[in-house]
Amino acid sequence: SEGDETIVVDISSVTNATEDGTQQASLTLEDAGAPAVSLSCTPDSVSEDGGEIICTLSLSKTTPAKVIVEMAYSGTATAGTDYSARGGYRRVFKPYRTSNSWTITGKSDSDTSEGDETIVVDISSVTNATEDGTQQASLTLEDVGAATVSLACTPDSASESGGEIICTLTLSKTTAETVTIEMAYSGTATAGTDYSGNTTTHTISAGGTSSSWTIKGESDSDTSEGDETIVVDIS
């Protein structure tokens, strides 16, 4: 714990010559004690939906010893559910290495009302080095909420004699869960008589963003009914 030390070398006397002014050399003996470990994480706020934070441990100087740093995580976010920190629990510095990094990745979940959550990253123990004071990083996972579903059908008019209308359900973003949408059909046209394709249940698999189906007109014997309507709803 002595820290760096100095040596000052002076000419104290000269025989048969003179000192050229004041001749002096100031030298330093560097302390061979353990290096200090510091922690930094950037950025400090990312989306819970796959956002990435890179955390880095740094040593104040090289050392021939293997340095081991154990990490601890706390906060309102739950490891494994809200984020992953693969490899970020026990970090090992090889001899003479001074930097060691890993990635924390946000994970979407089905709780759309949880709001932003926090991750607190701490150094819990150090072997063959010392923690530089208290090293801690406070991070935020920004809540992105549930995906939204929109409906589009095109064209909006087709012949009753085999005309086709393609309807598509689209998610605003991907999700880790399978999304199920129930549909309802109304209007003056009768499903099964005037048209087919009135599928009521549609699913969008995890990682997908859309699902489409076709509504097809069917001719009937009533020549006086005129144009008929189909109203497609998300129920």
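What counts and what doesn't
- Residues numbered from 1 in each chain as written.
- Predicted model: local features only at pLDDT ≥ 70, side-chain atom pairs only at ≥ 80, totals over all residues.
- Heavy atoms only, no water.
- Helix = DSSP H or I, 4+ residues; strand = E, 2+ residues; numbered from the N terminus.
- Rg over C-alpha atoms; globule rule 2.2 N^0.38 Å.
- Buried < 20%, exposed > 50% of the residue type's maximum accessible area, 1.4 Å probe, protein only.
- Areas by Shrake-Rupley, 256 points an atom, 1.4 Å probe, with all protein chains shown as cover.
- Lys, Arg positive; Asp, Glu negative; His and termini not counted.
- Charge placed at Lys NZ, Arg CZ, Asp CG, Glu CD.
- Pairing = 2+ DSSP bridges.
- Axes fitted to C-alpha atoms, helices over the stretch in contact; angles between N-to-C directions.
- Disulfide = S-S within 2.5 Å.
- Phe/Tyr/Trp six-rings, centres within 6.5 Å; stacked < 30°, edge-to-face > 60°.
- Core = buried A, V, L, I, M, F, W, Y, C linked by side-chain atoms within 4.5 Å.
- Contact = heavy atoms within 4.5 Å.

A few words now on the overall build of the protein. The secondary structure content of the protein amounts to zero helices and 19 strands. In terms of C-alpha radius of gyration, the protein reaches 35 Å, well past the compact-globule figure of 18 Å for 235 residues. In terms of principal-axis extent, the alpha carbons of the protein reach across some 135 × 35 × 25 Å. Every one of the 235 residues in the protein was classed for burial, and the buried ones make up 26%. For the protein, the accessible surface area stands at approximately 13,700 Å², while carbon and sulfur atoms represent 45% of it. Across the protein, 10 positive and 37 negative side-chain charges occur, with their mean positions spaced 17 Å apart.

A sheet is described by the order of its strands in space; here five strands give the open sequence S4-S12-S10-S6-S8, paired in mixed fashion. The open sheet has two free edges, formed respectively by strand S4 (45–47) and strand S8 (90–93), since each of these has just one partner strand. Shown here is a sheet whose adjacent strand axes are inclined to one another by a mean of 25°, direction ignored.

What follows covers the state of the cysteines. Scanning the model with the defined rule gives two disulfides in all. Across a sulfur-sulfur distance of 2.1 Å, Cys-41 and Cys-55 are joined as a disulfide pair. On the S-S bond that ties Cys-41 to Cys-55, the torsion sits near 110°, and the link is right-handed. Of this pair, Cys-41 sits in strand S3 (residues 36–42) while Cys-55 sits in strand S5 (residues 52–59); the two residues are 14 residues apart in sequence, bridging distant segments of the chain. Put simply, Cys-153 and Cys-167 are joined by a disulfide, and their sulfur atoms are 2.0 Å apart. Handedness of the Cys-153-Cys-167 disulfide follows from its S-S torsion of about 110°: it is right-handed. Separated by 14 residues along the polypeptide, Cys-153 in strand S13 (residues 149–154) and Cys-167 in strand S14 (residues 164–171) bring together distant segments of the chain. Since its relative accessible area comes to 0%, Cys-167 is described here as buried.

The next thing to look at is the packing of aromatic side chains. Per the stated rule, a full pass over the model turns up two aromatic pairs. With a centroid separation of 6.3 Å and an interplanar angle of 45°, the aromatic rings of Tyr-73 and Tyr-83 are classed as tilted. Here the residue Tyr-73 occupies a position in strand S6 (residues 67–74), and Tyr-83 occupies one in strand S7 (residues 83–84), the gap between them amounting to 10 residues.

Our focus in this paragraph is the nonpolar core. Among the nonpolar cores identified, the biggest contains 25 residues, and Leu-39, Ile-104 and Val-121 are the most heavily contacted of them. Broken down by secondary-structure element, the contributors of at least two residues to this core are S3, S5, S6, strand S9 (99–106), strand S10 (117–127) and strand S12 (136–142). The contacts of Ile-104, once residues within four sequence positions are left out, are Gly-51, Glu-52, Ile-53, Cys-55, Tyr-73, Tyr-83, Ser-84, Ala-85, Ile-119, Val-121 and Leu-139. Membership of the second largest hydrophobic core comes to 14 residues, among which are Leu-171, Tyr-185, Ala-189 and Ile-215.

Take the environment of Thr-209 next. By the secondary structure assignment, Thr-209 is in the loop between strand S17 (201–204) and strand S18 (210–217). The exposure class assigned to Thr-209 is partly exposed, which follows from its relative accessible area of 34%. Note: C-alpha distance between Thr-209 and Leu-171 (38 residues apart in sequence) is 4.9 Å. Setting aside its immediate chain neighbours within four residues, Thr-209 contacts Leu-169, Thr-170, Leu-171, Lys-173, Thr-174 and Ile-204.

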